[in-house]
Amino acid sequence: MPKNYLSYLKKIYKSVIFRRAVLSLLSLLGLSLIIFTLARVMPGDPARMALGPRAPEEVVQRYRELLHLNEPLYLQYYYWLRDLFQGKLGISLVSFREVSIDIAEFLPATLELMMLTAIIQIIGTIVFGTLSGSRPGSIIDGALRVFAYIGICIPAFAWALFLQFIFSYQLGWFPPTERISPGISIPRVTGFMTIDALIAGNFNAFVDALWHLFLPSLALALGAMAQEARILRSAMVENISKDYVLTFMSHGLPYRLVYFKYALKPSLVSTIPVMGLDIASLIANAFMVEIIFNWPGLSKFGITAMLRKDLNGIVGVVLVAGLIYTITNIIVDVIITLVDPRIRYGGGGE
Amino acid sequence: MSEASTLLKVEDLYVKYRSYWYTYHVLDGVSIRIKPGEKVGLIGESGAGKTTLLKSILRILPPQGRITKGKILYKDINLLRCSKGTLLEIRRKKVGMIFQDPLAALNPVFTIKEQMVDILKYIYKGSNYKKSDLENIALELLREVMLPDPERVLNSYPFQLSGGMRQRVVIAMALASAQELLLADEPTTNLDVTIQAQILKLISNLVEKRRLSMVLVSHALGMVRSMTKRIYVMYGGNIVEEAPSSKLFNEPLHPYTQLLIENAPKIIATKLGEGIKGNPPDYRYPPPGCRFHPRCPYAMDICKKVKPLLIKVNNDRYVACHLYAEKDMIKKLEV
């Protein structure tokens, strides 16, 4: 039935997620063009840097030809795109491996960090934002305000140094660096240390991996959490005097239920987009924290690639970051429609 | 009137709102009382403190609002002093409130079912009802407020319903809690005129059927007159007059009441009323003495200095105005 088929296609076309996905792909393509060009117009000779100062000139020249570096930029981009559609991102000039292999090795460490950061950030935001927003002017509110300003002012790497100094070197509660304690080895399956530990059935390793994750995640979460808690708080302050919250007070519902359900959910609508952006930007912003905690993540790999002018490495890392950024944003959009039915049903105009 | 026959008694209530810069002195010594089964009206222009009074009774003022003085007695319980458990119990099972704006009283991000079941869960706490039982009670309540297709309503979000339907849902919710007293805060503002009459009729029938006491706040003076026995008139955070409904409209005593009734929109009027000159009082700096004196056509010197108290004029009429004070009283106050 062609007509049904057509209407089905129309439905897909109309769906927000589909449109977002297409737009994201286009913007990723644009991103690749920009970063591809930028990486090549920056001064420095990638082939020479890869082979070292003492390599004979004809070897370097052959390497340039291998990388198509002598050809015009548009042709280089064409070759790169052709390879991309075969699933290849090119050879890294640093590791001399396929860049996708490098990324596959380093990405899980960063993603794992991002996930725990996101969890800490979301829980912290909801708890602190709701507590201070439901009792504006209280002692808790005042304390959280001070904490929030401190949190916003101090960048993540400073938190990292501070937390590492206090909780690892002084108190010794948390390990200072690395993803897992030396001596524990678990087979790599997904690259996520915690998940691999669970797959191997090694519960101690799981706890150990979490232990290593905690400080860097906390360092990354604190600043964003402070800011988001403030946003949630101001939305809460506005909502708790609204009739649609007071209604539930007037019926004698426990205060905690009223605040954490009937005031929180409408307040989250304005907070979730900010949370999403903050979490997405972790993929690139984790760099300093990864250095401090000696975390073998993507940020660390990306910076090394840039310093060594590893052309394919740079483009690969930026593209993956862009991809994760867009995926996170699509997920955020979906979550918002779940939270706010007025968006889900396309209604809501009073 | 003896203590025992009073259901609700508000005595000398002061409420202030604090913002960052200002303090708003809203309620300024308000006293009202309601006997069991009595229906009482509360009228006055917007911003007179009617909603604040009702919200104070249930202690659900927004956080910047504070009750600074006074007593609220529900039967023998002082709601300002009682334990949190007692207060919750009264909110759950004794007193229900219909909020002013039906478009704003339902939570936009939950279905009606979710909201009603949560409310009913605490009203019937301890009676072992399952979720399906609570849903049936909710359906029954929705039927009682004459909502067509209650199943559909129960599964809807508020924005999927019309204003009239939403107000019926709000009434159904209020009924669940109002087993003794219903506080109806302008239940018909923001609704079409035809629906206004329906809703008021519905409330009136339900209150009758369930033998509830009621405080009705409304701008529809005709409806208030027919639905209540006694009326309080509020101006600027004060009760300025109290009278049986039948007498108030025929012979208003307070200058404000006179102007209010004179200016009420009438269908057969050939021209618009003049309105009451001047503005409602600025609660940050309320006028000294009688809060109505800047707008009062009969204002005297004493009105600017001394706040008039609610005095008994004859056996069932009270008014707070120096015009009705005995002359020698005024002399005494002026000294």
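Higher on the page you've got the structure.
Residues numbered from 1 in each chain as written. Chains lettered and ligands numbered in written order. Predicted model: local features only at pLDDT ≥ 70, side-chain atom pairs only at ≥ 80, totals over all residues. Heavy atoms only, no water.

Draft legend 1. Main features of the sheet that holds strand 4 (residues 65-74) of chain B. All names here are of chain B. Here four strands make up an open sheet; going across it, the order is 2-1-4-5 and the pairing antiparallel. Here the strands that pair on one side only, and so sit at the sheet edges, are strand 2 (23-34) and strand 5 (77-78). Here strand 1 (residues 8-18) runs beside strand 2; their pairing, made up of nine bridges, is antiparallel. Residue pairing across strands places K16 opposite H25, the latter belonging to strand 2. Seen against the sheet, helix 1 (residues 50-57) touches strand 1, strand 2 and strand 4 and runs at an angle of roughly 110 degrees to strand 1. (Pairing = 2+ DSSP bridges. Helix = DSSP H or I, 4+ residues; strand = E, 2+ residues; numbered from the N terminus. Contact = heavy atoms within 4.5 Å. Axes fitted to C-alpha atoms, helices over the stretch in contact; angles between N-to-C directions.)

Draft legend 2. Quick peek at the layout of surface pockets. Approximately 860 Å³ is the volume attributed to the largest pocket. What lines the largest pocket is a set of 30 residues, among which L61, P62, P63, G65 and R66 of chain B lie closest to the centre. Among the elements of the structure, helix 7 (139-153), helix 10 (203-240), helix 11 (243-250) and helix 12 (255-285) of chain A together with strand 4 and helix 2 (84-93) of chain B are those that each provide at least two residues to the lining of the largest pocket. Within the lining of the largest pocket, the residues separate by chemical class into 15 nonpolar, seven polar and eight charged. (1 Å grid on protein atoms, 1.4 Å probe; cavity = no way out; pocket = protein on both sides within 12 Å on 5 of 7 lines; lining within 4 Å. Points joined across faces, edges and corners; volume = space filled by probe spheres on them. Nonpolar A, V, L, I, M, F, W, Y, C, P; charged D, E, K, R; others polar.)

Draft legend 3. Geometry of empty space enclosed by the protein. Inspection of every chain in the model, using the stated rule, returns two cavities of 30 Å³ or more. As a volume, the largest cavity reaches approximately 80 Å³. Together, 13 residues line the largest cavity, and P255, C290, C296, C303 and C321 of chain B are the ones closest to its centre. Approximately 60 Å³ is the volume found for the second largest cavity. F128, S132, L144, F147, A148, A226, A229, R230 and R233 of chain A together form the lining of the second largest cavity. Elements supplying a minimum of two residues to the lining of the second largest cavity: helix 6 (99-134), helix 7 and helix 10 of chain A. It is helix 10 of chain A that provides the largest number of residues to the lining of the second largest cavity, a total of four residues. Grouping the amino acids of the lining of the second largest cavity by side-chain chemistry returns six nonpolar, one polar and two charged.

Draft legend 4. Examining the packing of helix 12 of chain A against helix 3 (residues 112-123) of chain B more closely. For the pair helix 12 of chain A and helix 3 of chain B, interaxial distance at closest approach is 13 Å and the crossing angle is 175 degrees. Classified by the angle between their axes, helix 12 of chain A and helix 3 of chain B sit roughly antiparallel to one another. Residues L257, K261 and Y262 of chain A of helix 12 of chain A touch helix 3 of chain B, and the partners they reach there are E114, Q115, D118 and Y122 of chain B. When the residues that make up the contact of helix 12 of chain A with helix 3 of chain B are grouped by side-chain class, the tally is three nonpolar, one polar and three charged. (Parallel < 35°, antiparallel > 145°, perpendicular 65-115°, else oblique.)

Draft legend 5. How the structure looks around the interface of chain B and chain A. Listed as interface residues are 34 residues of chain B and, on the opposing side, 29 residues of chain A. Here chain B and chain A share an interface that buries about 2900 Å² over both sides, 64% of which is from carbon and sulfur atoms. Summed over the shared surface of chain B and chain A, the result is three salt bridges. Across the pair K55 of chain B and D243 of chain A runs a salt bridge, and its minimum N-O distance is 3.2 Å. (Buried area = accessible area lost by both parts, 1.4 Å probe. Salt bridge = Lys/Arg side-chain N within 4 Å of Asp/Glu carboxyl O.)

Draft legend 6. Layout of the pattern of salt bridges. According to the stated counting rule, one finds 35 salt bridges over all chains in the structure shown. Of the charged contacts in the structure, one is a salt bridge between R143 of chain B and E151 of chain B, with a shortest N-O distance of 3.6 Å. For R143 of chain B, a relative accessible area of 40% puts it in the partly exposed group. One salt-bridge network, held together by shared partners, links K261 of chain A together with E114, D118 and K121 of chain B. (Buried < 20%, exposed > 50% of the residue type's maximum accessible area, 1.4 Å probe, protein only.)

Draft legend 7. Looking closely at the pairing of strand 3 (residues 39-43) of chain B. All names here are of chain B. For strand 3, the buried fraction is high: five of the five residues fall into the buried class. Covered by surrounding structure in strand 3 are K39, G41 and I43 together with V40 and L42, the residues of both alternating faces. With four bridges joining them, strand 3 and strand 8 (residues 213-217) adopt parallel strand pairing. Looking across to strand 8, one finds that K39 is bridged to M214. Pairing between strand 3 and strand 9 (residues 230-235): four bridges, direction parallel. For G41, the partnering residue across the bridge sits in strand 9 and is I231.

Draft legend 8. Representation of helix 2 (residues 16-41) of chain A within the structure. Residues and elements named next belong to chain A. An ideal rise of 1.5 Å per residue puts 38 Å on 26 residues; helix 2 measures up with 37 Å between its terminal C-alpha atoms. Restricting attention to buried positions, one finds in helix 2 the residues S24, L28, S32, I35, F36, A39 and R40. Buried-residue contacts for helix 2 involve helix 5 (73-85) and helix 15 (311-339). (Expected span 1.5 Å × (residues − 1).)

Treat this as a map of the structure, not an account of what it does.
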